[in-house]
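# Geometric and topological summary
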Amino acid sequence: MPEHLEVRLPDGVRLHVTATGPVDAEVTAVLLHGWTLDGRSWHHQLAGLRDRFGDRVRVLTYDARGHGRSSCMALRTATLAQLGDDLAAVVDQLVPSGPIVLVGHSMGGMTVMEYAHRHPDRFADRVAGLVFVSTTAEGHTHTVYGLSPRIARLIRLAETTGAGVLARCGAWRPPHALLRALRPSIRWMLFGDRCDPADIRLVTSAVARASLRSIGGFRASIGAQHRLDTLAALGRLPAAALVGDRDRLTPPPCAESIAAALPTTELTVCPGAGHMLMMERPDEVTATVAGVLGQVLTGTGAGASGHGVGTPG
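How each quantity is defined
- Residues numbered from 1 in each chain as written.
- Predicted model: local features only at pLDDT ≥ 70, side-chain atom pairs only at ≥ 80, totals over all residues.
- Heavy atoms only, no water.
- Phe/Tyr/Trp six-rings, centres within 6.5 Å; stacked < 30°, edge-to-face > 60°.
- Buried < 20%, exposed > 50% of the residue type's maximum accessible area, 1.4 Å probe, protein only.
- Helix = DSSP H or I, 4+ residues; strand = E, 2+ residues; numbered from the N terminus.
- Expected span 1.5 Å × (residues − 1).
- Core = buried A, V, L, I, M, F, W, Y, C linked by side-chain atoms within 4.5 Å.
- Contact = heavy atoms within 4.5 Å.
- Axes fitted to C-alpha atoms, helices over the stretch in contact; angles between N-to-C directions.
- Parallel < 35°, antiparallel > 145°, perpendicular 65-115°, else oblique.
- Left-handed = near helix turned anticlockwise from the far one by under 90°.
- Nonpolar A, V, L, I, M, F, W, Y, C, P; charged D, E, K, R; others polar.

- In the nomenclature of an unreviewed UniProt entry, the protein chain is known as Alpha/beta fold hydrolase of Micromonospora terminaliae.

Written out as structure tokens, the structure reads:
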């Protein structure tokens, strides 16, 4: 059965953590969810990795500040930099020893990059593998929502204006009636050709649990981040990236630039899939994470002879 834990951060924020597997497992995988979602996004992978590795791998998921069952926070801390520091705290408190594989979806992948940028020595000492799922190292550079650039600019303007308003709404959460009305738009934005009704219900449920402060507050930081240089400094760390060719938020050029910056990255493009690959293509995502974990367990990965990270710029 999953174990439910809590990490208390220096500013008083409490992170809700779900753990499976023994504390003395050979490798720990930390799975980080995307913006407005929560740790339940990874339910397919939690089950699949447990079936594949048993007690050899411990898996942690946690709800980011302002999301899911974690507490809300001051607006000034709704930044990717803070999320990178939060990840460092989770690692320090819950994974004090042993190799770690970091798996990040969307904002979660950007959090991993921020951790590498802000805590390079700790990252180099602990991280043995990376998996990036539907994410980017270039902010909104490639995000055009599958539309013409002119319309995309108008949508981004409306989105950023609305985010500023939501960010000032504090710990309130989106009304369920509004989310039900927006479900077709959420389905269009996040999913590709096919969408299981259970998946859209889970995503809508997750958005309903995110504070309006986090929904609006993180938008500026997410749009502005650029961390290709950080990735290029990671050396020969085993890595993989997956993207759907129908992804309207982080389209294939986002994953391609990650793979170009970190040449050890095994790139997978999933035809017909959108932004929610953990749900749309659960077997492919689980197999990719398992592949990186297998390299770490056997010492056959590109990073087996050591890896390092540059200092923050």
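### Quick look at the packing of aromatic side chains
- Taken as a whole and assessed by the stated rule, the structure comprises one aromatic pair.
- Summarising the aromatic geometry, the rings of Tyr 115 and Phe 123 are spaced 5.5 Å apart at their centres and angled 65° between planes, so their arrangement reads as edge-to-face. By the burial criterion, Tyr 115 is buried, and Phe 123 matches it.

### A few points about helix α2 (residues 80-94)
- Relative to the 21 Å expected for 15 residues at 1.5 Å per residue, α2 spans 21 Å between its end C-alpha atoms, a close match to the ideal helical length.
- Restricting attention to buried positions, one finds in α2 the residues Leu 80, Leu 83, Gly 84, Asp 86, Leu 87, Ala 88, Ala 89, Val 90 and Val 91.

### Comments concerning the nonpolar core
- Grouped together as the largest cluster of nonpolar side chains are 44 residues, with contacts concentrated most on Leu 87, Leu 102, Phe 123, Leu 130 and Leu 231.
- Sort the elements by how many residues they give to this core and α2 lands first, with seven residues.
- Excluding residues that lie within four positions of it along the chain, Leu 87 makes contacts with Val 30, Leu 32, Tyr 62, Leu 102, Thr 111, Val 112 and Tyr 115.
- Grouped together as the second largest cluster of nonpolar side chains are 43 residues, Trp 42, Ile 200, Ile 215 and Leu 242 included.

### Focus: the environment of Pro 22
- As for its placement among the helices and strands, Pro 22 is situated in the loop between β2 (14-20) and β3 (27-32).
- For Pro 22, a relative accessible area of 23% puts it in the partly exposed group.
- Residues Pro 22 and Val 57, spaced 35 residues apart in sequence, show a C-alpha to C-alpha distance of 7.7 Å.
- Those residues in contact with Pro 22 that sit more than four places away from it in its chain are Arg 50, Asp 55 and Arg 58.

### Some remarks on the packing of helix α6 (residues 176-190) against helix α7 (residues 197-209)
- Relative orientation of the contacting elements α6 and α7 amounts to 125°, with a least axis distance of 10 Å. The angle between α6 and α7 falls in the class oblique. As for how α6 packs across α7, the hand of that crossing is right-handed. Residue-level contacts link His 176, Leu 179, Arg 183, Ile 186, Arg 187 and Leu 190 of α6 to Ile 200, Arg 201, Val 203, Thr 204, Val 207 and Ala 208 of α7.
- A per-class count over the contact of α6 with α7 returns seven nonpolar, two polar and three charged.

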